[in-house]
Amino acid sequence: MVSSRELVQSILRHERGARVPKGELVLDDKVIAKSLDTLSIGFDERYEFAKSLGLDMIVLSPTYPKNSLSVDCSSLDINKWVNRDLFSFVILDGAFELGLRVLGFPEYLSMVMSGDEELEEFILEVEKINKETIGKLSHQGINGIIVADDIAFQDGLIVRPSIFRELFLPTLERQVKEIESRKMTPFFHSDGYYMSVMDDIVEAGFKGIHCIDRNCKMNVKDLASYSKKICLWGHLDINDINASDDENAIKSMVSEIKDATDFKGFILGTNSGLFPGMDVDGLKRIYDKVDEFVL
């Protein structure tokens, strides 16, 4: 039987797997506690929940101390995760994401738009810290890195594509090279509509993207031409989960994904990750039915 890690690796090679791989960007502890009816959440509970949901990947999120660029991975139980069968990612903030979080939206955007001299220093410092973290994670056996930069609103980029290409694309390219030099898989995450720079993301060397949000006009049909170049991960939203009892709706979704990707280079998951209030049982029904209909 193909392990989850082997399944994801085959999908990254744009092969059709033995089943449809599933992954979630976030597994909130409160969701796990409610699902397992427990107050104590540690590695064992997180792993049990991931397996019960049928996930093939785990995404570990480091701690970012307030108003700091430093990254703390000490609480991630990495040694335990890499010795399980799931494909393991760690998600790191890129310079755009971290700038918005540390400096605030108005101040950071003002810095970006004015070409503030401190901006280049900030970007290079984030890159330096990320590269150091990537090196440490590679030695610990992590399979991949997700660089998270929420660069887009619902209808387009937060900054002009030319500004993204000039200021932020070079640092992403260098981080991708570092990730690949460590024999790890680089993915990119952004919410919103970022089609105007999809070619740049592909050419930067990312092997996959997360967040294919139809509410932001990002859908598998429009991304079909990219499905042989880069792995697509996401697609599901709250409307899909609410319709999880409707087999015809799931069949329609499966057909849409198959037409665009033939389930090669595709990972199914929500665009948001799992947070309190989401119907985990409904998502599990979708996950189970998709495999049933595809196979």
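Residues numbered from 1 in each chain as written. Predicted model: local features only at pLDDT ≥ 70, side-chain atom pairs only at ≥ 80, totals over all residues. Heavy atoms only, no water.

K.L.:
Just checking my understanding: could you explain unusual backbone geometry for this structure?
P.N.:
The bulk of non-glycine residues show a negative phi, and the bulk of peptide bonds are trans. The backbone of Cys211 shows a phi angle near 100°, a positive value even though the residue is not glycine. Accessibility expressed as a relative area gives 2% for Cys211, which makes it buried. In the Ramachandran plot, His235 falls in the positive-phi region, its phi being about 95° despite a non-glycine side chain. In this structure, His235 sits in strand S8 (residues 231-236). Exposure remark for His235: the relative accessible area of 0% places this residue in the buried category. (Buried < 20%, exposed > 50% of the residue type's maximum accessible area, 1.4 Å probe, protein only. Helix = DSSP H or I, 4+ residues; strand = E, 2+ residues; numbered from the N terminus.)

K.L.:
Even after reading the chapter, I still don't get the packing of aromatic side chains, so can you show me in this structure?
P.N.:
Aromatic rings considered in pairs are described by the distance between their centres and by the relative angle of their planes. Evaluated as defined, the whole model comprises 14 aromatic pairs. Between the aromatic rings of Phe188 and Tyr194, the centroid separation amounts to 6.3 Å while the plane-to-plane angle is 75°, which identifies the pairing as edge-to-face. The pair Phe188 / Tyr194 is uniform in exposure class, with both members buried. Taken together through their ring pairs, the aromatic side chains of Phe87, Phe89, Phe187 and Trp233 make up a single cluster. Stacked on the ring of Tyr64, the Lys or Arg Arg101 has its end atom at 4.9 Å from the ring centre. Over the aromatic face of Tyr193 sits the side chain of Lys217, whose NZ or CZ is 5.0 Å from the ring centroid. (Phe/Tyr/Trp six-rings, centres within 6.5 Å; stacked < 30°, edge-to-face > 60°. Lys NZ or Arg CZ within 6 Å of the ring centre and 35° of its normal.)

K.L.:
Mind showing me how you'd approach the packing of helix H11 (residues 247-261) against helix H12 (residues 280-294) here?
P.N.:
If you want to describe how two helices pack, look at the angle between their axes and the distance between the axes. H12 packs onto H11 with a crossing angle of 60° between their chain directions and a minimal axis gap of 10 Å. As for how H11 packs across H12, the hand of that crossing is right-handed. Counted together, Glu247, Ile250, Lys251, Met253 and Val254 of H11 and Ile286, Lys289, Val290, Phe293 and Val294 of H12 form the full contact between these two elements. Considering only residue class, the contact of H11 with H12 consists of seven nonpolar, no polar and three charged. (Axes fitted to C-alpha atoms, helices over the stretch in contact; angles between N-to-C directions. Left-handed = near helix turned anticlockwise from the far one by under 90°. Contact = heavy atoms within 4.5 Å. Nonpolar A, V, L, I, M, F, W, Y, C, P; charged D, E, K, R; others polar.)

K.L.:
Would you explain the nonpolar core in this entry?
P.N.:
Soluble globular proteins: nonpolar side chains tend toward being buried together. By size, the foremost hydrophobic cluster in this structure holds 88 residues, and its most contacted members are Tyr108 and Tyr194. Look past the residues within four positions of Tyr108 in its chain and what remains in contact with it is Ala95, Phe96, Gly99, Leu100, Leu103, Leu119, Phe122, Ile123 and Phe168. One finds Val8, Ile11, Phe89 and Ile146 within the second-largest nonpolar core, a separate group that totals 15 residues. (Core = buried A, V, L, I, M, F, W, Y, C linked by side-chain atoms within 4.5 Å.)

K.L.:
Can you walk me through the sheet that holds strand S7 (residues 208-210) in this structure?
P.N.:
Sheet architecture is open: seven strands sit in the order S1-S2-S3-S6-S7-S8-S9, paired in parallel fashion. The sheet is open, and its two edges are formed by strand S1 (57-60) and strand S9 (266-270), each paired on a single side. Each neighbouring strand pair of the sheet contributes to a mean axis angle of 25°, computed without reference to strand direction. Inspection of the sheet shows strand S2 (residues 87-93) paired to strand S3 (residues 144-148) by five bridges, in the parallel sense. Each bridged residue has a counterpart across the sheet, and for Phe89 the counterpart in S3 is Gly144. (Pairing = 2+ DSSP bridges.)

K.L.:
Is there a simple way to explain the environment of Phe122 in this structure?
P.N.:
Summarising the element assignment, Phe122 is placed in helix H7 (residues 117-140). As a C-alpha pair, Phe122 and Leu25 span 97 residues in sequence and 26 Å in three-dimensional space. Those residues in contact with Phe122 that sit more than four places away from it in its chain are Leu69, Ala95, Leu98, Gly99, Leu103 and Tyr108.

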